Each structure stands twice: as structure tokens, then as C-alpha cells.
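A structural walkthrough
This is what each chain is made of:
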Amino acid sequence: MRVLGNLLRTVSGAAGLAMLIMTMAATVLTPFLSPYDPFALDFANAMQPPSAAHWFGTDNFGRDIFTRVMAGAVYDMRLALICVFGPMAIGVLIGLVAGYLGGRIDAALMRLTDIVWAFPFYVLVLAIVGVLGPSETNLYIAFFLVNWIGYARIIRGETLLISRLEFIEATRVLRFGKLRVTLRHILPNAITPALVYSMSDVVLTVQAVAAMSFFGLGVQPPAPEWGLLIVESIDYMRDAPWMTVFPGLAIVWIGIAFALLGEGLSTALKPKG
Amino acid sequence: MIPGLNLKALLLASAVALTGLPAAAETLRVAMGFDPLSLDPIATSDNGSIWTQLLIFDTLVRPDKTGEGLEPGLAESWTVSEDGLTLTFNLREAKFSDGTPVTAEDVQFSIERAASEESGWSRFYRPITSFEIVNDRQIVMQLAEPFTPAFNNLALFAAAILPKAQVEEKGDAFFDAPVGAGPFMLKNWARGSRIELVKNPNYWQEGKPYVDDAVLEIVTEPSARVIKLEAGEVDVALDPPLNQLEDLDGKDGISTGQIIPYRADFVQLNTTREPFDDERVRQALNMAIDKDALVQGVLYGAGEPAAAAMPVMAYADPELAPYPYDPAAAKELLAEAGYADGFEAQLLVDSGAATSRNAAITLQAMLQQVGVRVEVQMLEGGTQWETTKSGNYDMSVSYATSDTIDPDQIIGFVGVNPERANAYHTEWKSDRLNELYEEERKTPDGDERGGMFREMVQILHDEAPYIFLYHPASAWAAQDYVKDFEILPTSNFRLEEVKIEK
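Quick caveat: nothing in here was measured; it's all calculated off a predicted structure. (Residues numbered from 1 in each chain as written. Chains lettered and ligands numbered in written order. Predicted model: local features only at pLDDT ≥ 70, side-chain atom pairs only at ≥ 80, totals over all residues.)

1. As for the overall build of chain A
If you tally the helices and strands in chain A, you get ten helices and zero strands. Order of helices (α) and strands (β) in chain A, N terminus to C terminus: α-α-α-α-α-α-α-α-α-α. Dimensions of chain A along its principal axes, counting C-alpha atoms only, are 75 × 45 × 25 Å. The burial tally for chain A puts 42% of its 273 residues in the buried class. (Helix = DSSP H or I, 4+ residues; strand = E, 2+ residues; numbered from the N terminus. Buried ≥ 20, exposed ≤ 12 C-beta atoms within 10 Å, placed from the backbone.)

Here is the structure:
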């Protein structure tokens, strides 16, 4: 709670959190409030510009874009959160093990991260999804295989640093168990930079998820995932720019929200003094 | 057409006279969506390659502009014996672009090459069993048994006439810098970007091509082709997005054209799998689709609903109507087949084909109305082909186009099993259709052969191994100063008759 209080005291943290809560509320409420079905076709109303009836206009199938963008938030948030916090859990674990145990295990794990690190992120994800075939599950697999690296490295570095601090030395003298020391004393201190990093990672992942749909390798139509909405709108961009603009703005909006939240978190979690 | 020609000539002459300058080198720039894979006519089947080859090479005979008959190409005249077994061709005095004459020997070499093991089109030419070179400009081809499509197949790009000596000397390298007897010569080929062609000074149609150079710009994104046209960077944009046609036509200085080529779009149904092995289910799916809504919503009116997986071409039955849109009857049929609650199926679609993708989304919504829950799966085009070929699919959105004016090629592809593609990977089989296919190939052109085609298409329609969708138009948009550009029913285009009149 103290962290939350600190967070809300930062302008960026409060703004980011507010934006996120607004998004969540809109996502949850839209299915009840919108008179439109995000999947039903209505060719007679195709490509209507934004109006009171259709806030974001309609697409080439006559579907209401506002309803679709809101419905799409579920896909993008789910994908982004799972693709960040899943690999983060793995990365944190590996980083802790490597950093605390050191020696050969550390060397082996870090060489492994070097190998994965050597490939450009998109090339690797594209290759994995390309081999496994496009689907949401395979997208998760690809991100889990690639995304843990950053966290493992951050946590290992922090663990090494913290292990040398006096209070950890003290636990050794007191003959505390290794596991207890790692989980109770090292992890809480090491996690902060990883948490801050994860916020910008969410932003990058939302973009990556959208990009994968753009390549036809992610979420499949007619799901209203934002990247998919954009790729489907390309041929209509000149007649119906709202089809591209609003999903694009949604990505920007969520990106700013998480970026602000990350900014706020880093301030809120910074040790005083 | 002579008065028209005179008027144009007069206009052109006066234009030249007014400017008082000799016409500068004229370049025609065309934005095309496909990057050719190879310029070897026997090694390719993709549109980019075929279209480009047809600008560089010529064939003995070629489909005329109406797509209803053949007209002379490198052969000036020909005779076909009464039994159809002997084809005699008299070559015109044509030259390859490097000035060497086109001889009967080149013809024999090229057709034998097209029939060889390494050719993807060998079965089209293998029925020609022997050649006799009477003299440099006359060649006689013999068939061991009647094979009616043989003559037509000589009008196919795969039967392009190549200079024997050069191909033998250079091997595969020849096709990087090919020499042909077509209207244009390849000047430069920057893969993935552009193909630069220059007028063949030795082309047999005197005075043509009218333009001096032609550049095919490879622009894969349809909207980008249109933007380039509007910016004046190209003179012709092929396949603009159909939804933009009307707007484009209204723009100053730009006009559009369209034609329904020999093409049919459909959904392949894997008939080796339940429930697609049941004819009633397949018919029900056909009745669940509102084809008129598809044509309006996906093609923006630029097309016609389809009654079969066959293009509307020679011998087509004008009476054959598409399946009626009747979801209630579809539900009844499904119930009769034991699927009162519908079923689940996966629908493959080429992620790069915007129109097919839109069709898939529409199909998904329409099939849901009769309880069929479809999951759309986008794939890269090549992967889609491999997947359906291996039989590992339920439904797949695809299409077929005919490169010849004879329906033999395409019925063999979509209806015959076992054949090239086993009824285009549906594995559907009709003994009667197979029998008719054998017969048709031995029957001389005429009403009897036409009747066989009509019966084959009727069987295809009735047993419905596909969901028949539509015959989409091929469109183009061009600057007003481009005259006489058109897409032919065989989907390709000629540039030798195109004029630039600025």
C-alpha cells in the first residue's frame, strides 16, 4: 500500500494508472452499453465516417469500430500481460538461481541468455511462430522463449550486487537457509528494476503482438485485435482513414499509459535517502 | 477499324507537327503486384512470371483479345488434319530480338523442351510424339492418338519459342538475359523492384510496339500502386483495390477499366474428412452463402456470382445458375445429414490476398447463421498450397485461372481425380467426370465436345466439392494519355499495342 501511495503521489504514475483504469472500465462496459455486435456484418452500413451513432465510424464490413476497438483491448491486454509477466516469472527465477549460486550454473545460464540475446527479437519470434504455425498459443510459446532473457539478466545483476551487501553477509553468519535468504531478502530488493523494466516491456509487447498480426502470424480474424484491425484497414486507408486511425490511437494510448506507470513506479520504488 | 486508325494517326501526326519536334523516347511504366520468379517458361506458373514472359517471348499461335479464338503468332498459317493427328505450321519471317531468324528447328527444340522431364507443363505437350522439319519455315507435328487440346496448348506461355542455339549454349543462364521473338527485350531486371524492357527492333509486327520502353515496377501493396499512379510515377496500375475503383475513375486524368477474366474463386472442401465427405453437407454450405452479398460487399460489385469452380469460358452453359441463397434449406439439409447442430471447421486463407481474407470473414459470418462454426486461419500463400496438397485441412479459400482459352486445362485441375492436383486437393472423385475428360480430349472441337464440358461442369456443380463463390473482375487504372491498355481474358496484358498520347 505504501508503494501505491507513493505511486499516486507521482504525476506520471497517477496519470498512467488512471488511463489504465479508464481503459479497463471501457472494455468491461462496452459489451453492455454498445448496441453493436463486434462481429456481425452489415454491408449496408459499410465505411461510415465517425458519427454520433458510430463514434469511430464503421469498417468495410459495416462493423462498429468503437465496439471492435474496445473488444480488441481484451486481446491485446491479455496477450501483452501474459507475454510479459509469464516470461518475467521465468526470467526472475533463472536470474536468482544464476546470481545466487554462481559458478558453473551461472556461466551456463548466462551463455544461454547470450545466445538468445544475439538474435534480433523480431527475427527470433517470427522464426518460432513461422515454424510452429500462426496461432495465439504459438505466439505465447514464442514470447515465453524469448522474453525471459531481459529479466534473467537484470535479476542476476541485482542478485550479485545485493549478495555482497552487509545485511546478506549477516544472514550467512546467522546461518539462514539459502532459499530463505534468496526469497525473503534478495528477491524483494532485486525485483524493483525488473518491475520498472516490465512496464516498458508491456508497451513493446503490445506493439509486437500487433506487428505479428500485421504479418498474419498472430491472432486470427475476425478477432478485433488492434494490429489485425490495422492490417485489415490498409486498402481502405484512403477512403476510410478512421479504420486505421482509431486502432492505431488505441495502441498509442495503452503505450503511453504503461510508459507513465513505469515512470511512476521507478520513482515510487526508489529507496529514500 | 480503319477509320479510327486513320483518325488516331492524323491526331498523332498533327500533335507531332504542332510541337515541331521528333517524339522523344516514350516509356510506359506499369505497376504490377507480382515479382516474377523466373523467366524460364517451362519452370513457372506464377502470374508475374507468365505475364513478363509473354512480353518477351512469342508463341506459334496465341489467344486473341476476345479470348474466344486463336490468332497467328510466329506461325503465319497452319493446317490441322481431319483426324486431328497432324498439325502443320508455316512460320512467318520472324526474327529473335538479336536478329537471328526463328526457324522450325527452334520450334521443335522449344516444344520438346516443354514436354521434357524438367518441364512443369510436360503433360500438355507429351501427346505430340514426333516432329518433321520440312524446311526452315515449315514444321509438321504428329500425335500418336487424338488429343484435341494439343493445338490450344501451343498458345500457352510454356510453349514459347526460344532460340535453340543460345539456350543450349548458355543453359539456365540464358533466362537471366533471355532473347525472344516477342515485342520487348529485357534490358534490366532488378529482382523485387523493377523489370526494364525495351522495344524489340526485330519484332514481326511492323511498327509495334508503339512505345520505346516499358518498365514493370513491382509494387506489392495495392494501395501503393494507386498512390504511385496518382503521383504520376507510373502510367498504369494493375489490380487497384476494388473499393477504390469508383473514386479513381472520377479523378481527373485517370480512367479505369475492368474485365472478368477466366477465373473462378471458391472454397476447397476436403472431401476425405467428415462432414465434407457428405454431398448434402457440401450442398448445404453452398446454399448458406449469399453470393450476391459477397459480390457487393467484398468485390464492390466488380464480379459475378459463380455456379461452379470453372471460369465462364468456351462451352459454358448459360443456363447453369449459382446455388440459391437459402439458409433454411441449408439447415434442413444439414439436419438430414445428421448435423442439425452444425459443426466446427477450420478455414484457411492466404494472408496476403486482401479480397480472399475479406471473403473468409464474410463466409465465417454467413456459415454461423446455419450453425457452422468456422475458425479462420491465415497462412502464407505457398504454405496454404502445401497444406491443402498434403490433405491436412478442412476448408480453404482459393481460386483458379485459365491461361488458355480451352477449358481442358482448368477442368483437369479442378475436377479430375487422379490428375495434376486431384480435383484441386479436394480429393473428390467422379468416375463419370473422369470418363468425360478422357473422351473430351479425343473429340474434335464442336458441339459434341461442348456437351461433354457442360456435363462435367454440371456434375461439379451438383456434387459441390467446393463452395462456389464468384468470378471477380480484374481491374486496372491508367493515366488518360495511355491508350489501348487492357487486360485479356487470360489475365495477362499486351503492351505492343499501347500508345502514349500526351
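2. Considerations on the interface of chain B and chain A
Tallying the contact residues gives 20 residues for chain B and 18 residues for chain A. Every element with two or more residues in the side of chain B that touches chain A is listed here: helix H7 (222-230), helix H10 (291-297), helix H12 (354-368) and strand S16 (372-379) of chain B. Across the side of chain B that touches chain A, the residue classes tally to eight nonpolar, ten polar and two charged. (Contact = placed C-beta atoms within 7 Å. Nonpolar A, V, L, I, M, F, W, Y, C, P; charged D, E, K, R; others polar.)

3. A look at the nonpolar core
Counting 154 residues, the largest nonpolar core has B:Val236, B:Phe266, B:Ala309 and B:Phe468 as its most contacted members. The biggest single contributor to this core is H12(B), with six residues. Those residues in contact with B:Phe266 that sit more than four places away from it in its chain are B:Ala306, B:Ala309, B:Ser398, B:Tyr399, B:Tyr466, B:Ile467, B:Phe468 and B:Leu469. Of all hydrophobic cores here, the second largest spans 66 residues; its members include A:Phe56, A:Phe143, A:Leu187 and A:Ala208. (Core = buried A, V, L, I, M, F, W, Y, C linked by C-beta atoms within 7 Å.)

4. Describing the UniProt feature "domain: ABC transmembrane type-1" (unreviewed entry) in chain A
Under the UniProt annotation, "domain: ABC transmembrane type-1" (unreviewed entry) lies at residues 77-262 of chain A. As annotated, residues 77-262 of chain A has a helix share of 83% and a strand share of 0%, and its two end C-alpha atoms lie 16 Å apart. (UniProt positions renumbered as here; feature names shortened; annotations may be inferred.)

5. Brief notes about the pairing of strand S9 (residues 194-199) of chain B
All names here are of chain B. Here strand S8 (residues 184-190) pairs with S9 via six bridges, running antiparallel. Of the residues in S9, the one forming a bridge with Asn188 is Glu196. Counting the residues between successive antiparallel strands, the hairpin from S8 to S9 contains three residues, one of them, Gly192, with a positive phi of roughly 80 degrees. Looking at chain direction, S9 and strand S10 (residues 213-218) are connected through five bridges and run antiparallel. If you follow Arg194 over to S10, its bridge partner there is Glu217. (Pairing = 2+ DSSP bridges.)

6. Here's the deal with the pairing of strand S4 (residues 75-80) of chain B
Residue and element names in this part refer to chain B. In this structure, S4 lies alongside strand S5 (residues 86-91), joined through five bridges in antiparallel fashion. Residue Val80 lies in a different strand from S5, and its bridge partner there is Leu87. Taking the residues between adjacent antiparallel strands as the criterion, S4 and S5 are bridged by five residues, where Gly84 takes a positive phi near 75 degrees.

7. Structural notes on the environment of B:Asn434
All names here are of chain B. Note that Asn434 resides in helix H16 (residues 431-440). In this structure Asn434 comes out as partly exposed when scored by C-beta crowding, with 17 C-beta atoms within 10 Å. The spatial distance from the C-alpha of Asn434 to the C-alpha of Pro418 is 8.5 Å, given a sequence separation of 16 residues.

8. Some words on the confidence of the model for chain B
Averaged over every residue, the pLDDT of chain B is 92; residues scoring 70 or more account for 95%. Per the prediction output, this complex has pTM 0.87; the corresponding ipTM is 0.82. (pLDDT = per-residue confidence, 0-100.)

9. Digging into the packing of helix H4 (residues 103-118) of chain A against helix H6 (residues 136-163) of chain A
All names here are of chain A. In contact at an axis separation of 10 Å, H4 and H6 are set at 130 degrees when each is read in the N-to-C sense. Considering the angle they form, H4 stands oblique to H6. As for how H4 packs across H6, the hand of that crossing is left-handed. On H6, the residues touching Thr113, Val116 and Trp117 of H4 are Val146, Ile149, Ala152 and Arg153. Looking at the contact of H4 with H6 residue by residue, the class counts come to five nonpolar, one polar and one charged. (Axes fitted to C-alpha atoms, helices over the stretch in contact; angles between N-to-C directions. Parallel < 35°, antiparallel > 145°, perpendicular 65-115°, else oblique. Left-handed = near helix turned anticlockwise from the far one by under 90°.)

10. Brief notes about the sheet that holds strand S6 (residues 128-135) of chain B
Residue and element names in this part refer to chain B. Pairing within the open sheet is antiparallel, and its four strands lie in the order S4-S5-S7-S6. Among the strands making up the open sheet, the edge pair consists of S4 and S6. Averaged over all pairs of adjacent strands, the angle between strand axes in this sheet comes to 20 degrees, irrespective of strand direction. The sheet contact formed by S6 and strand S7 (residues 138-143) spans six bridges and is antiparallel. If you follow Ile128 over to S7, its bridge partner there is Leu143.

11. Quick look at the UniProt feature "transmembrane region" (unreviewed entry) in chain A
All names here are of chain A. In the numbering adopted here, UniProt assigns the feature "transmembrane region" (unreviewed entry) to residues 12-33, 79-103, 115-133, 139-155, 194-220 and 240-262. In residues 12-33, helix accounts for 100% and strand for 0%; the two terminal C-alpha atoms are 30 Å from one another. The span residues 240-262 is 91% helix and 0% strand, and its two end C-alpha atoms sit 35 Å from each other.

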